[in-house]
Amino acid sequence: KYQPISFGLNSRSGTAEQFKRMVAECRAAGVQVIVDLIINHMASPCSEAKEPPRDGEDPLPCRGWDGSKYGNRQMGGAQGWDAAPPAFFHHQPVNEYWGVCGVGPPDFLCGSLVTTDCSCCLCDMYGLPDWNTSRQEVREIHYRHVKELHDAGITMLRVDAALYEDIGQTSSVLNLFPWDYVYMEWWG
């Protein structure tokens, strides 16, 4: 569940409508619901998408549990508005299918010993393609997802892998809503 391939609320746990009903029932009982928001990255590609697609090949050969299509640094989306081409992810200038850098064990650093300098903000964590949140189109996708959650009654968030996101770009989306609580995952 930490490798999203769309921003649809239908999941293995239930449908979007069931989720909204659950949130409403919890709120009516005085219980708030916190959502684990994953806007740093998308899923790594399936084996069929590890290499760039050749002419005529399907650029989205991977399938999610519900049929959502995705590929290497791109997703078909489940909502329509959440489709994303490779340009929406950080990539090397010579090839949009290659990540800029990677971050992971053993130290989870990207050349800097300072965890607050955003030196990892362009890097693929565990090889998961990293959203290019400097692009307005990407922030619009994230905004629509966050708005859908807020409209469903969510007032608390845990932002996964926030350490690897540009805080200004992330806050430009999150600060558009009146949250009761936002926890940004940060370690180091």
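First, a word on scope: everything that follows refers to the structure included in this document. It should be emphasised that the depicted structure is a prediction, and the values quoted were computed from it without experimental measurement.

**Here we look at the packing of aromatic side chains**
1) Next: Tallied over the entire structure, the rule returns five aromatic pairs.
2) Next: Taken together, a centroid distance of 5.9 Å and an interplanar angle of 35° make the contact between Phe7 and Trp131 tilted. Taken together, the positions of Phe7 in the segment before helix 1 (16-28) and Trp131 in the loop between strand 6 (124-125) and helix 2 (136-151) put the pair 124 residues apart, joining distant regions of the chain. There is no split in this pair, since Phe7 and Trp131 are both buried.
3) Next: When the centroid spacing of 4.3 Å and the interplanar angle of 35° are considered together, the rings of Phe89 and Trp131 count as tilted. Within this pair, whereas Phe89 is found in the loop between strand 4 (74-75) and strand 5 (102-103), its partner Trp131 is found in the loop between strand 6 and helix 2, the two being separated by 42 residues in sequence.
4) Next: Looking at Trp131, the relative accessible area reads 2%, which means it is buried.
5) Next: Each residue in the set Phe7, Phe89 and Trp131 is aromatic and connected to the rest through ring pairs, giving one cluster.

**Overview of the nonpolar core**
1) Next: Formed by 35 residues in total, the largest nonpolar core has its most connected members in Phe19, Leu37, Trp131 and Ile154.
2) Next: Setting aside residues no more than four positions away along its own chain, Ile154 makes contact with Phe19, Val23, Val33, Val35, Leu149 and Trp179.
3) Next: Listed in part, the nine residues of the second largest apolar core include Val103, Phe108, Cys123 and Ala161.

**Observations concerning the layout of surface pockets**
1) Next: Empty space within the second largest pocket amounts to approximately 180 Å³.
2) Next: Together, Glu48, Ala49, Glu51, Pro52, Pro53, Arg54, Glu57, Asp58, Pro59 and Pro61 line the second largest pocket.
3) Next: When its residues are assigned to classes, the lining of the second largest pocket shows five nonpolar, no polar and five charged.

**A word on helix 3 (residues 167-174)**
1) Next: Within the sequence span of helix 3, burial applies to Thr170, Val173 and Leu174. One side of helix 3 holds all its buried residues, which, seen down the axis, span an arc of 95°.
2) Next: As for helix 3, its buried residues are in contact with strand 1 (34-37), helix 2, strand 7 (156-159) and strand 8 (181-184).

**Here we look at the state of the cysteines**
1) Next: Going through the model one piece at a time under the given rule, you end up with four disulfides.
2) Next: One disulfide in the model links Cys110 with Cys120; its S-S distance is 2.1 Å. Across the S-S bond of Cys110 and Cys120 the torsion is about 115°, and the bridge reads as right-handed. Taken as a pair, Cys110 in the loop between strand 5 and strand 6 and Cys120 in the loop between strand 5 and strand 6 lie far apart in primary sequence, ten residues in all.
3) Next: Linked covalently through their sulfurs, Cys118 and Cys121 form a disulfide whose S-S length is 1.7 Å. Between Cys118 and Cys121, the S-S dihedral sits near -105°, and the bridge is therefore left-handed.
4) Next: In the protein, the cysteines engaged in disulfides, taken in order along the sequence, are linked 1-2, 3-8, 4-6, 5-7.

Quick notes on the rules
- Residues numbered from 1 in each chain as written.
- Predicted model: local features only at pLDDT ≥ 70, side-chain atom pairs only at ≥ 80, totals over all residues.
- Heavy atoms only, no water.
- Phe/Tyr/Trp six-rings, centres within 6.5 Å; stacked < 30°, edge-to-face > 60°.
- Helix = DSSP H or I, 4+ residues; strand = E, 2+ residues; numbered from the N terminus.
- Buried < 20%, exposed > 50% of the residue type's maximum accessible area, 1.4 Å probe, protein only.
- Core = buried A, V, L, I, M, F, W, Y, C linked by side-chain atoms within 4.5 Å.
- Contact = heavy atoms within 4.5 Å.
- 1 Å grid on protein atoms, 1.4 Å probe; cavity = no way out; pocket = protein on both sides within 12 Å on 5 of 7 lines; lining within 4 Å.
- Points joined across faces, edges and corners; volume = space filled by probe spheres on them.
- Nonpolar A, V, L, I, M, F, W, Y, C, P; charged D, E, K, R; others polar.
- Arc of directions from axis to C-beta.
- Disulfide = S-S within 2.5 Å.

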